[in-house]
Amino acid sequence: NDARQNSPSIKFHPVGDGADQATAKILDGLTRTIEHSSNASVAYDNALENGVTGGFGYFRISVDYACDDVFDLDIAIEPIKNPLTVYGDPMSSCADSSDWMECFVTEMWTRSAFKRKWPKADPCNFEAPSHDIAPGWYEGEDIRVCEWWTREEVPTTILLLSNGNVMHEKQFMEAKDLFDVLGITEVKRRPSKTYKVTQRIITGNEILETNDWPGKYIPIVPV
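Within each chain, residues carry numbers counting from 1 in the order of the written sequence. Restriction of local features to residues with pLDDT of at least 70 applies here, the model being predicted, together with a cutoff of 80 or more for giving and counting side-chain atom pairs; totals for whole chains, interfaces and linings are based on all residues. Calculated side-chain values reflect all of the structure's heavy atoms, with hydrogen atoms and water omitted.

**So, the overall build of the protein chain**
This is how the line gets drawn: Numbering goes from the N terminus for both helices and strands, where a helix is a DSSP run of H or I of at least four residues and a strand is a run of E of at least two. Contacts are assigned to residue pairs that have any heavy atoms within 4.5 Å of one another. Counted as positive: Lys and Arg. Counted as negative: Asp and Glu, with His and the chain ends omitted from the count. Charged side chains are reduced to one point each, which is NZ for Lys, CZ for Arg, CG for Asp and CD for Glu.
Helix and strand content of the protein chain: 6 helices and 9 strands. With respect to the principal axes defined by its C-alpha atoms, the protein chain has extents near 65 × 45 × 40 Å. For the protein chain, contacts bridging at least 24 residues in sequence account for 60% of all contacts bridging at least 6. The positive charge centre, built from 22 side chains, and the negative charge centre, built from 35, are 3 Å apart in the protein chain.

Here is the structure:
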């Protein structure tokens, strides 16, 4: 009840060189828009309720097109109704899952819905522990599909530019002509590392989809 009366939300704090209160307020406003448009309070309340009644819950971050006829992408915060469908990294030590290198999320599909989504795929069930299915709700004809999330460390080189900005060398080279016109040059470089996150949709015997995630963390958040 306390959590429902004082709903949690994301808050930005200006910390570090170049940070300022005005930018933090802009980011707060953008985040409130994301939370409002995706009805994030439902995701937060669901995860909190699961955490109170069962010890843990989850919500997730997703990115999808704003409408069917545009190329704009929207960020959304979505609930994970059943926390027992999530299998996090057993080697994790961070409470917020920021160090997860692997994660599985399973979901049951009816055979007809599966064939509509992946008409050429073999409807082979993904085997997993059955404790995420309530007795009497599973008839044996549905197909379990799994999201397999992986996070891999990738070496990179970062550049300090003459205008004070820092960016990856790959990004700089992609826009080098523009930087040359603006007179922005490389001042310093050093080796660094980043992370590549990949989502694979799998059945018992094949990978149905492979999708790159634009962030560096697996977007499943435990509560």
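**Describing helix 3 (residues 40–54)**
The criterion, for reference: The span one expects for a helix is its residue count, reduced by one, times 1.5 Å.
Counted at 1.5 Å a residue, the expected span for helix 3 with its 15 residues is 21 Å, and the 21 Å between its end C-alpha atoms agrees. The inward-facing, buried residues of helix 3 contact helix 1 (2–5), helix 2 (21–37), strand 1 (58–65) and strand 2 (73–79). Once helix 3 ends, the next one or two residues include G55, with phi positive near 105°.

**Remarks on the packing of aromatic side chains**
Geometrically, a pair of aromatic rings is defined through the distance of the ring centres and the angle of the planes. So the rule is basically this: Pairing of aromatic rings covers Phe, Tyr and Trp, the last through its six-membered ring, and needs centres within 6.5 Å; plane angles under 30 degrees mean stacked, over 60 mean edge-to-face, and all others mean tilted. Any residue under 20% of the maximum accessible area for its type is buried, any over 50% is exposed, and the rest in between are partly exposed; the area is computed with a 1.4 Å probe on protein chains only. A ring is considered to have a charge above it if a Lys NZ or an Arg CZ atom is located within 6 Å of its centre and within 35 degrees of its normal.
In total, this model carries 8 aromatic pairs according to the counting rule given. Between Y58 and W100, the aromatic rings sit 6.4 Å apart at their centres with planes inclined by 55°, giving tilted as the arrangement. Taken together, the residues span a long stretch of sequence, with Y58 in strand 1 and W100 in the loop between strand 3 (86–87) and strand 4 (102–109) at a distance of 42 residues. Across the pair, exposure class does not vary: Y58 and W100 are buried alike. Centre to centre, the rings of F172 and F179 are 5.1 Å apart; their planes meet at 15°, and the pair counts as stacked. Put simply, the rings of F56, Y58 and W100 pair up and form one aromatic cluster. The ring of Y195 carries R151 above its face, with NZ or CZ at 3.7 Å from the centroid. Over the face of the ring belonging to W148 we find R200, whose NZ or CZ atom lies 5.1 Å from the ring centre.

**Here we look at the nonpolar core**
Quick note on the threshold: The criterion is simple. A nonpolar core is a set of buried Ala, Val, Leu, Ile, Met, Phe, Trp, Tyr and Cys residues joined through side-chain atoms within 4.5 Å.
Membership of the largest hydrophobic core is limited to 11 residues, which are Y58, I80, V86, W100, C103, V105, W149, V197, W213, I218 and I220. Counting residues in hydrophobic clusters, the runner-up holds 7 residues, among them F114, W118, I143 and V145.

**Topic: the pairing of strand 4**
Cut-off, in case you're wondering: Here the rule is simple: two strands pair whenever DSSP picks up at least two bridges between them.
Direction of pairing for strand 3 relative to strand 4: antiparallel, over a ladder of 2 bridges. What sits directly across from Y87, in strand 4, is F104. Relative to strand 5 (residues 143–161), strand 4 is paired through 8 bridges, and the arrangement is antiparallel. In the sheet register, C103 faces strand 5, and the bridge partner there is W149.

**Regarding unusual backbone geometry**
Backbone geometry places N39, a non-glycine residue, at a positive phi of 55°. Tracing the sequence through the fold places N39 in the loop between helix 2 and helix 3. Given the relative accessible area of 44%, N39 is considered partly exposed.

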